[in-house]
Amino acid sequence: MAGILVFVEQRDGEIRKASLQALGEAHRLAAGEVSAVLVGEGVGSSAADLGKYGAGKVFIGDDANLKLYSAEGYAEAVIKAQESCQATAIFFSATVMGRDLAPRVAARLGVGALADVVHLEWDGDALVARRPVYSAKAFATVDTAGQKPQVVSLRPNVFAQEEVGGSAEVIALDGLALAIRAMVKEFMAAEGGEIDVAEANVIVSGGRGIKGPENFALIRELASSLGAAVGASRAVVDAGWIDHSHQVGQTGKVVSPTLYVACGISGAIQHLAGMSSSKVIVAINKDPDAPIFKVADYGVVGDLFQVIPPMIEAIKAL
Ligand SMILES: Cc1cc2nc3c(=O)[nH]c(=O)nc-3n(C[C@H](O)[C@H](O)[C@H](O)COP(=O)(O)OP(=O)(O)OC[C@H]3O[C@@H](n4cnc5c(N)ncnc54)[C@H](O)[C@@H]3O)c2cc1C
(Lines give C-alpha, C1' and ligand atoms only; values in the text may rest on other atoms or scores of the structure.)
Protein backbone atom coordinates (compact mmCIF):
# COMPACT_ATOMS: atom_id res chain seq x y z
CA MET A 1 0.00 0.00 0.00
CA ALA A 2 1.45 3.37 -1.05
CA GLY A 3 0.12 6.81 -0.39
CA ILE A 4 -2.97 8.70 -1.44
CA LEU A 5 -3.04 11.93 -3.43
CA VAL A 6 -5.95 14.27 -2.69
CA PHE A 7 -7.12 16.98 -5.09
CA VAL A 8 -7.91 19.94 -2.83
CA GLU A 9 -10.51 22.38 -4.08
CA GLN A 10 -10.34 26.08 -3.27
CA ARG A 11 -12.46 29.05 -4.14
CA ASP A 12 -10.91 32.53 -3.82
CA GLY A 13 -8.09 30.91 -1.87
CA GLU A 14 -10.44 29.33 0.66
CA ILE A 15 -10.12 25.56 0.97
CA ARG A 16 -13.47 23.79 0.65
CA LYS A 17 -14.70 21.74 3.57
CA ALA A 18 -15.38 18.71 1.37
CA SER A 19 -11.67 18.58 0.43
CA LEU A 20 -10.65 18.61 4.10
CA GLN A 21 -12.99 15.65 4.62
CA ALA A 22 -11.32 13.83 1.69
CA LEU A 23 -7.94 14.57 3.30
CA GLY A 24 -9.26 13.22 6.62
CA GLU A 25 -10.31 9.94 5.01
CA ALA A 26 -7.03 9.70 3.08
CA HIS A 27 -5.14 10.18 6.34
CA ARG A 28 -7.16 7.41 7.99
CA LEU A 29 -6.55 5.00 5.10
CA ALA A 30 -2.99 5.84 4.13
CA ALA A 31 -1.54 5.87 7.64
CA GLY A 32 0.01 9.29 7.14
CA GLU A 33 1.26 8.88 3.54
CA VAL A 34 -0.91 11.62 2.11
CA SER A 35 -0.11 14.21 -0.55
CA ALA A 36 -2.35 17.01 -1.75
CA VAL A 37 -2.55 18.93 -5.01
CA LEU A 38 -3.84 22.48 -4.93
CA VAL A 39 -4.51 24.37 -8.15
CA GLY A 40 -5.33 28.02 -8.84
CA GLU A 41 -3.66 31.42 -8.90
CA GLY A 42 -1.86 32.70 -5.81
CA VAL A 43 -2.91 29.66 -3.77
CA GLY A 44 0.51 29.04 -2.23
CA SER A 45 -0.41 30.68 1.07
CA SER A 46 -3.14 28.07 1.73
CA ALA A 47 -0.79 25.17 1.01
CA ALA A 48 1.18 24.93 4.23
CA ASP A 49 -2.06 24.82 6.23
CA LEU A 50 -2.99 21.51 4.61
CA GLY A 51 -0.32 19.85 6.78
CA LYS A 52 -2.68 20.34 9.70
CA TYR A 53 -5.18 18.10 7.93
CA GLY A 54 -2.75 15.31 7.22
CA ALA A 55 -0.97 16.22 3.97
CA GLY A 56 2.78 15.52 4.12
CA LYS A 57 3.41 17.06 0.69
CA VAL A 58 1.41 19.69 -1.13
CA PHE A 59 1.89 20.09 -4.88
CA ILE A 60 0.97 23.54 -6.13
CA GLY A 61 -0.20 24.32 -9.65
CA ASP A 62 -0.07 28.10 -9.53
CA ASP A 63 -0.75 29.97 -12.76
CA ALA A 64 -2.93 32.85 -13.97
CA ASN A 65 -4.50 30.39 -16.45
CA LEU A 66 -5.58 28.20 -13.53
CA LYS A 67 -7.35 30.98 -11.62
CA LEU A 68 -10.72 29.56 -12.62
CA TYR A 69 -11.53 25.91 -13.26
CA SER A 70 -10.67 24.23 -16.53
CA ALA A 71 -10.93 20.45 -16.86
CA GLU A 72 -7.82 20.29 -19.05
CA GLY A 73 -5.59 22.55 -16.98
CA TYR A 74 -6.59 21.10 -13.61
CA ALA A 75 -6.30 17.51 -14.88
CA GLU A 76 -2.80 18.25 -16.13
CA ALA A 77 -1.77 19.55 -12.69
CA VAL A 78 -3.23 16.49 -10.91
CA ILE A 79 -1.49 14.09 -13.31
CA LYS A 80 1.83 15.91 -12.89
CA ALA A 81 1.50 15.60 -9.10
CA GLN A 82 0.64 11.91 -9.48
CA GLU A 83 3.74 11.34 -11.66
CA SER A 84 5.79 12.77 -8.87
CA CYS A 85 4.24 10.97 -5.88
CA GLN A 86 3.09 7.70 -7.56
CA ALA A 87 0.13 7.36 -5.22
CA THR A 88 -1.95 4.18 -5.06
CA ALA A 89 -5.15 6.22 -5.14
CA ILE A 90 -6.24 9.74 -6.09
CA PHE A 91 -9.14 11.22 -4.12
CA PHE A 92 -11.53 13.96 -5.23
CA SER A 93 -14.63 15.30 -3.51
CA ALA A 94 -17.82 14.51 -5.38
CA THR A 95 -18.59 18.22 -5.74
CA VAL A 96 -19.54 19.76 -9.07
CA MET A 97 -15.85 20.26 -9.82
CA GLY A 98 -14.74 16.87 -8.54
CA ARG A 99 -17.44 15.07 -10.54
CA ASP A 100 -16.11 16.74 -13.68
CA LEU A 101 -12.43 16.34 -12.94
CA ALA A 102 -12.16 12.81 -11.53
CA PRO A 103 -13.37 10.99 -14.67
CA ARG A 104 -11.17 13.19 -16.86
CA VAL A 105 -8.08 12.33 -14.77
CA ALA A 106 -9.09 8.64 -14.77
CA ALA A 107 -9.50 8.63 -18.55
CA ARG A 108 -6.11 10.29 -19.06
CA LEU A 109 -4.52 7.66 -16.80
CA GLY A 110 -6.42 4.86 -18.57
CA VAL A 111 -8.16 3.63 -15.41
CA GLY A 112 -11.74 3.49 -14.13
CA ALA A 113 -13.20 5.78 -11.47
CA LEU A 114 -15.23 5.03 -8.34
CA ALA A 115 -17.75 7.85 -8.12
CA ASP A 116 -19.60 9.35 -5.15
CA VAL A 117 -18.46 6.80 -2.59
CA VAL A 118 -19.67 6.79 1.02
CA HIS A 119 -17.39 4.16 2.52
CA LEU A 120 -13.87 2.90 1.80
CA GLU A 121 -11.77 0.03 3.11
CA TRP A 122 -8.57 -1.68 2.00
CA ASP A 123 -8.66 -5.21 0.63
CA GLY A 124 -4.94 -5.95 0.48
CA ASP A 125 -3.51 -3.04 -1.52
CA ALA A 126 -6.78 -2.22 -3.28
CA LEU A 127 -9.56 0.04 -2.08
CA VAL A 128 -13.07 -1.35 -1.95
CA ALA A 129 -15.78 1.31 -2.05
CA ARG A 130 -19.46 1.46 -1.24
CA ARG A 131 -21.65 3.81 -3.28
CA PRO A 132 -25.39 4.46 -3.34
CA VAL A 133 -27.28 3.24 -6.42
CA TYR A 134 -30.92 3.36 -7.59
CA SER A 135 -31.53 6.72 -5.89
CA ALA A 136 -29.88 5.45 -2.69
CA LYS A 137 -32.32 2.54 -2.43
CA ALA A 138 -29.33 0.17 -2.47
CA PHE A 139 -25.56 0.20 -2.13
CA ALA A 140 -23.05 -1.28 -4.55
CA THR A 141 -19.66 -2.52 -3.43
CA VAL A 142 -17.13 -1.73 -6.14
CA ASP A 143 -13.40 -1.75 -6.85
CA THR A 144 -11.27 -0.96 -9.88
CA ALA A 145 -10.36 -4.56 -10.72
CA GLY A 146 -6.68 -4.16 -9.98
CA GLN A 147 -6.18 -0.91 -11.92
CA LYS A 148 -3.78 1.59 -10.38
CA PRO A 149 -3.99 4.35 -9.41
CA GLN A 150 -7.51 4.08 -8.11
CA VAL A 151 -9.45 7.26 -8.85
CA VAL A 152 -12.18 7.90 -6.28
CA SER A 153 -14.63 10.72 -5.64
CA LEU A 154 -15.95 10.96 -2.06
CA ARG A 155 -19.42 12.24 -1.24
CA PRO A 156 -19.19 15.51 0.74
CA ASN A 157 -20.22 15.55 4.42
CA VAL A 158 -19.93 11.78 4.84
CA PHE A 159 -16.28 11.50 5.88
CA ALA A 160 -14.76 13.19 8.92
CA GLN A 161 -12.41 16.12 8.62
CA GLU A 162 -9.62 15.82 11.14
CA GLU A 163 -6.94 18.18 12.38
CA VAL A 164 -3.85 16.06 12.91
CA GLY A 165 -1.47 18.96 13.46
CA GLY A 166 1.35 18.12 11.02
CA SER A 167 3.23 20.30 8.57
CA ALA A 168 3.52 19.98 4.80
CA GLU A 169 6.38 20.24 2.34
CA VAL A 170 5.24 22.55 -0.49
CA ILE A 171 6.35 21.59 -4.01
CA ALA A 172 5.69 23.76 -7.09
CA LEU A 173 4.50 21.96 -10.21
CA ASP A 174 6.71 23.45 -12.91
CA GLY A 175 6.47 23.09 -16.66
CA LEU A 176 2.69 22.74 -17.00
CA ALA A 177 1.90 23.04 -20.72
CA LEU A 178 -1.69 24.19 -20.02
CA ALA A 179 -3.16 23.69 -23.49
CA ILE A 180 -6.59 24.84 -22.29
CA ARG A 181 -9.41 24.93 -24.82
CA ALA A 182 -12.34 25.61 -22.49
CA MET A 183 -12.48 27.19 -19.07
CA VAL A 184 -14.97 28.65 -16.59
CA LYS A 185 -15.13 32.43 -17.05
CA GLU A 186 -17.05 33.47 -13.96
CA PHE A 187 -18.57 32.15 -10.72
CA MET A 188 -21.79 33.86 -9.69
CA ALA A 189 -22.63 33.94 -5.98
CA ALA A 190 -25.93 32.41 -4.87
CA GLU A 191 -28.72 34.85 -4.07
CA GLY A 192 -28.07 37.00 -1.00
CA GLY A 193 -24.83 35.17 -0.14
CA GLU A 194 -26.81 32.31 1.41
CA ILE A 195 -25.15 29.13 2.67
CA ASP A 196 -24.89 26.53 -0.12
CA VAL A 197 -26.87 23.38 0.74
CA ALA A 198 -24.04 21.24 -0.62
CA GLU A 199 -21.68 22.65 2.04
CA ALA A 200 -24.11 23.04 4.94
CA ASN A 201 -23.97 21.19 8.21
CA VAL A 202 -27.65 21.89 8.92
CA ILE A 203 -30.39 22.24 6.29
CA VAL A 204 -34.03 23.29 6.66
CA SER A 205 -36.00 22.44 3.52
CA GLY A 206 -39.46 23.47 2.41
CA GLY A 207 -41.81 21.58 0.11
CA ARG A 208 -45.25 22.07 -1.40
CA GLY A 209 -46.76 21.87 2.10
CA ILE A 210 -45.65 25.46 2.72
CA LYS A 211 -48.46 26.48 0.32
CA GLY A 212 -46.82 29.47 -1.38
CA PRO A 213 -43.49 31.24 -2.07
CA GLU A 214 -44.17 33.90 0.60
CA ASN A 215 -44.03 31.18 3.27
CA PHE A 216 -40.37 30.50 2.57
CA ALA A 217 -39.96 33.40 5.02
CA LEU A 218 -40.93 30.95 7.79
CA ILE A 219 -38.48 28.31 6.50
CA ARG A 220 -35.74 30.96 6.28
CA GLU A 221 -36.47 32.10 9.85
CA LEU A 222 -36.18 28.55 11.17
CA ALA A 223 -33.00 28.07 9.10
CA SER A 224 -31.50 31.28 10.40
CA SER A 225 -32.25 30.33 14.02
CA LEU A 226 -30.25 27.11 13.45
CA GLY A 227 -27.51 28.68 11.29
CA ALA A 228 -28.76 26.41 8.50
CA ALA A 229 -28.97 26.52 4.72
CA VAL A 230 -32.36 26.60 3.00
CA GLY A 231 -33.24 23.58 0.88
CA ALA A 232 -36.28 22.78 -1.24
CA SER A 233 -38.09 19.99 -3.02
CA ARG A 234 -38.32 19.99 -6.79
CA ALA A 235 -42.05 20.70 -6.67
CA VAL A 236 -41.47 24.17 -5.25
CA VAL A 237 -38.49 24.85 -7.49
CA ASP A 238 -40.56 23.90 -10.55
CA ALA A 239 -43.32 26.18 -9.27
CA GLY A 240 -40.81 29.04 -9.24
CA TRP A 241 -41.05 29.57 -5.45
CA ILE A 242 -37.27 29.35 -4.97
CA ASP A 243 -34.16 29.08 -7.12
CA HIS A 244 -32.95 25.68 -8.38
CA SER A 245 -29.66 26.09 -6.47
CA HIS A 246 -31.67 25.13 -3.33
CA GLN A 247 -33.11 21.90 -4.77
CA VAL A 248 -32.21 18.71 -2.94
CA GLY A 249 -32.59 15.37 -4.68
CA GLN A 250 -31.85 13.25 -7.68
CA THR A 251 -31.94 16.21 -10.06
CA GLY A 252 -30.79 18.71 -7.45
CA LYS A 253 -27.96 18.53 -4.95
CA VAL A 254 -26.98 15.48 -2.90
CA VAL A 255 -26.46 16.51 0.71
CA SER A 256 -25.34 14.76 3.89
CA PRO A 257 -25.69 17.32 6.68
CA THR A 258 -25.62 16.54 10.38
CA LEU A 259 -29.25 17.69 10.62
CA TYR A 260 -31.89 17.83 7.86
CA VAL A 261 -35.30 19.30 8.68
CA ALA A 262 -37.95 18.54 6.04
CA CYS A 263 -40.99 20.81 6.28
CA GLY A 264 -44.06 19.95 4.20
CA ILE A 265 -42.11 17.52 2.02
CA SER A 266 -43.76 14.18 1.20
CA GLY A 267 -40.49 12.22 0.79
CA ALA A 268 -40.68 11.10 -2.84
CA ILE A 269 -37.90 8.69 -3.80
CA GLN A 270 -36.22 11.38 -5.92
CA HIS A 271 -36.07 13.71 -2.88
CA LEU A 272 -34.80 10.93 -0.59
CA ALA A 273 -32.03 10.23 -3.12
CA GLY A 274 -30.55 13.60 -2.22
CA MET A 275 -30.84 13.61 1.57
CA SER A 276 -31.30 10.13 3.02
CA SER A 277 -27.64 9.95 4.07
CA SER A 278 -28.16 12.93 6.43
CA LYS A 279 -27.12 11.99 9.96
CA VAL A 280 -30.32 13.10 11.72
CA ILE A 281 -33.55 13.69 9.80
CA VAL A 282 -36.49 15.60 11.28
CA ALA A 283 -39.76 15.64 9.34
CA ILE A 284 -42.76 17.92 9.87
CA ASN A 285 -45.79 16.79 7.89
CA LYS A 286 -49.51 16.74 8.55
CA ASP A 287 -49.92 13.34 6.86
CA PRO A 288 -48.87 10.52 9.25
CA ASP A 289 -48.44 8.20 6.24
CA ALA A 290 -46.06 10.52 4.35
CA PRO A 291 -43.06 8.46 3.14
CA ILE A 292 -40.63 10.99 4.65
CA PHE A 293 -41.43 9.48 8.07
CA LYS A 294 -39.86 6.18 6.95
CA VAL A 295 -36.42 7.82 6.85
CA ALA A 296 -36.95 10.34 9.66
CA ASP A 297 -35.27 9.94 13.05
CA TYR A 298 -37.78 12.38 14.56
CA GLY A 299 -41.20 13.13 13.14
CA VAL A 300 -43.80 15.73 13.98
CA VAL A 301 -47.27 14.97 12.61
CA GLY A 302 -48.88 18.37 12.41
CA ASP A 303 -49.48 21.58 10.53
CA LEU A 304 -46.10 23.18 9.89
CA PHE A 305 -47.61 26.66 10.34
CA GLN A 306 -48.40 25.72 13.93
CA VAL A 307 -45.33 23.60 14.61
CA ILE A 308 -42.54 25.85 13.28
CA PRO A 309 -43.19 29.20 15.10
CA PRO A 310 -42.88 27.71 18.62
CA MET A 311 -39.85 25.73 17.43
CA ILE A 312 -38.17 28.98 16.37
CA GLU A 313 -39.00 30.55 19.73
CA ALA A 314 -37.65 27.57 21.64
CA ILE A 315 -34.44 27.49 19.56
CA LYS A 316 -33.91 31.22 20.04
CA ALA A 317 -34.48 30.82 23.79
CA LEU A 318 -31.81 28.10 23.89
C1 LIG B 1 -36.96 12.30 -12.98
C2 LIG B 1 -37.44 13.00 -11.73
C3 LIG B 1 -36.52 13.66 -10.95
C4 LIG B 1 -36.92 14.30 -9.78
N5 LIG B 1 -35.99 14.95 -9.00
C6 LIG B 1 -36.38 15.47 -7.83
C7 LIG B 1 -35.43 16.10 -6.96
O8 LIG B 1 -34.25 16.21 -7.26
N9 LIG B 1 -35.87 16.57 -5.79
C10 LIG B 1 -37.19 16.51 -5.40
O11 LIG B 1 -37.52 16.98 -4.29
N12 LIG B 1 -38.09 15.94 -6.20
C13 LIG B 1 -37.72 15.45 -7.41
N14 LIG B 1 -38.67 14.92 -8.23
C15 LIG B 1 -40.10 15.12 -7.90
C16 LIG B 1 -40.63 14.17 -6.86
O17 LIG B 1 -41.09 13.00 -7.50
C18 LIG B 1 -41.80 14.81 -6.09
O19 LIG B 1 -42.80 15.21 -7.02
C20 LIG B 1 -41.43 16.02 -5.26
O21 LIG B 1 -40.31 15.72 -4.45
C22 LIG B 1 -42.61 16.41 -4.37
O23 LIG B 1 -42.30 17.57 -3.69
P24 LIG B 1 -43.00 17.89 -2.31
O25 LIG B 1 -42.72 16.81 -1.33
O26 LIG B 1 -42.63 19.28 -1.93
O27 LIG B 1 -44.56 17.95 -2.70
P28 LIG B 1 -45.73 16.93 -2.40
O29 LIG B 1 -45.41 15.57 -2.83
O30 LIG B 1 -46.96 17.59 -2.93
O31 LIG B 1 -45.81 16.89 -0.80
C32 LIG B 1 -46.25 17.95 0.00
C33 LIG B 1 -46.32 17.42 1.42
O34 LIG B 1 -46.65 18.49 2.28
C35 LIG B 1 -47.52 17.98 3.28
N36 LIG B 1 -48.29 19.13 3.79
C37 LIG B 1 -49.25 19.84 3.16
N38 LIG B 1 -49.68 20.86 3.94
C39 LIG B 1 -48.98 20.76 5.10
C40 LIG B 1 -48.96 21.53 6.29
N41 LIG B 1 -49.74 22.62 6.46
N42 LIG B 1 -48.12 21.15 7.27
C43 LIG B 1 -47.32 20.08 7.13
N44 LIG B 1 -47.29 19.31 6.03
C45 LIG B 1 -48.10 19.67 5.01
C46 LIG B 1 -48.38 16.96 2.58
O47 LIG B 1 -48.90 16.02 3.51
C48 LIG B 1 -47.36 16.33 1.63
O49 LIG B 1 -46.76 15.19 2.21
C50 LIG B 1 -38.29 14.28 -9.41
C51 LIG B 1 -39.20 13.59 -10.20
C52 LIG B 1 -38.78 12.96 -11.35
C53 LIG B 1 -39.81 12.23 -12.18
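Looking at the chain, the domain boundaries give domain 1 (4–172) and domain 2 (194–317). In this structure, domain 1 and domain 2 have C-alpha centres spaced 30 Å apart. Counting residues at the interface gives 9 residues for domain 1, matched by 13 residues for domain 2. Per-class residue counts for the side of domain 1 that touches domain 2 are 4 nonpolar, 3 polar and 2 charged.

Moving on, we get to the nonpolar core. General note: in soluble globular proteins, nonpolar side chains tend to be found buried as a group. Counting residues in hydrophobic clusters, the biggest one holds 56 residues, and the most contacted among them are Val6, Leu23, Val37 and Phe91. Other than its neighbours up to four places away in sequence, Val6 contacts Ser19, Ala22, Leu23, Ala26, Val34, Ala36 and Phe91. In terms of nonpolar packing, the next biggest core, distinct from the first, is built from 35 residues, Val255, Tyr260, Ile265 and Met275 among them.

Surveying the vicinity of the ligand reveals 27 residues, the closest of which are Gly207, Gly209, Ser233, Arg234 and Gly249. For the shell around the ligand, the elements supplying multiple residues, two or more each, are α6 (234–238), α7 (269–275), β16 (280–285) and α9 (304–317).

Bringing the sheet that holds strand β9 (residues 126–133) into the picture now. With respect to topology, 3 strands assemble into an open sheet ordered β8-β9-β10, the strand pairing being antiparallel. The open sheet terminates on both sides in strands that have one partner only, identified here as β8 (119–123) and β10 (138–142). Averaged over all pairs of adjacent strands, the angle between strand axes in this sheet comes to 25°, irrespective of strand direction. When β8 meets β9, the two strands line up antiparallel, connected through 5 bridges. By the bridge assignment for β9, Leu120 is matched with Ala129.

Right, let's talk about the packing of helix α5 (residues 216–226) against α9 for a bit. For the pair α5 and α9, interaxial distance at closest approach is 9 Å and the crossing angle is 20°. Relative to α9, the element α5 is oriented roughly parallel. At the point where α5 passes α9, the crossing takes the left-handed sense. Touching Leu218, Glu221, Leu222, Ser225 and Leu226 of α5 are Ile308, Met311, Ile312, Ile315 and Lys316, all from α9. A class-by-class count of the residues in the contact of α5 with α9 yields 7 nonpolar, 1 polar and 2 charged.

A few words on helix α3 (residues 71–85). The end-to-end C-alpha distance of α3 is 21 Å, a good match for the 21 Å that 15 residues give at a rise of 1.5 Å each. Of the residues making up α3, those classed as buried are Gly73, Tyr74, Ala75, Glu76, Ala77, Val78, Ala81, Gln82 and Cys85. Two residues or fewer after α3 comes Gln86, characterised by a positive phi angle close to 50°.

Helix-helix packing is characterised by the crossing angle of the two axes and by the distance between the axes. As a packed pair, α3 and helix α4 (residues 96–109) sit with axes 9 Å apart at the nearest point and diverge in direction by 60°. The orientation of α3 relative to α4 falls into the category oblique. For the element pair α3 and α4, the recorded crossing hand is right-handed. From α3, Ala71, Tyr74, Ala75, Val78 and Ile79 reach across to α4, where they touch Asp100, Leu101, Arg104, Val105, Arg108 and Leu109. Among the residues forming the contact of α3 with α4, the class breakdown is 8 nonpolar, no polar and 3 charged.

Take the pairing of strand β6 (residues 89–93) next. Where burial is concerned, most of β6 is hidden: 5 out of the 5 residues are buried. Residues Ala89, Phe91 and Ser93 of β6 are buried on one face, and the alternating residues Ile90 and Phe92, pointing to the opposite face, are buried as well. With 3 bridges connecting them, strand β1 (residues 4–8) and β6 associate as parallel partners. The partner of Ile4 across the bridge, within β6, is Ala89. Where β6 lies against strand β11 (residues 150–154), 5 bridges are found, and the strand directions are parallel. Across the sheet, the residue bridging to Ile90 is Val151, located in β11.

So, about the sheet that holds strand β12 (residues 169–172). One open sheet accounts for 7 strands, arranged β7-β11-β6-β1-β4-β5-β12; its pairing is parallel. Whereas interior strands pair on both sides, the edge strands pair on one side only; in this sheet they are β7 (113–117) and β12. Direction aside, neighbouring strands of the sheet carry axes that sit 25° apart on average. Across the sheet, helix α1 (residues 17–30) is in contact with β1, β4 (34–40), β6 and β11; its angle to β1 comes to roughly 175°.

Conventions adopted
Residues numbered from 1 in each chain as written. Predicted model: local features only at pLDDT ≥ 70, side-chain atom pairs only at ≥ 80, totals over all residues. Domains from an automatic or database assignment. Contact = placed C-beta atoms within 7 Å. Nonpolar A, V, L, I, M, F, W, Y, C, P; charged D, E, K, R; others polar. Core = buried A, V, L, I, M, F, W, Y, C linked by C-beta atoms within 7 Å. Buried ≥ 20, exposed ≤ 12 C-beta atoms within 10 Å, placed from the backbone. Near = placed C-beta within 6 Å. Helix = DSSP H or I, 4+ residues; strand = E, 2+ residues; numbered from the N terminus. Pairing = 2+ DSSP bridges. Axes fitted to C-alpha atoms, helices over the stretch in contact; angles between N-to-C directions. Parallel < 35°, antiparallel > 145°, perpendicular 65-115°, else oblique. Left-handed = near helix turned anticlockwise from the far one by under 90°. Expected span 1.5 Å × (residues − 1).

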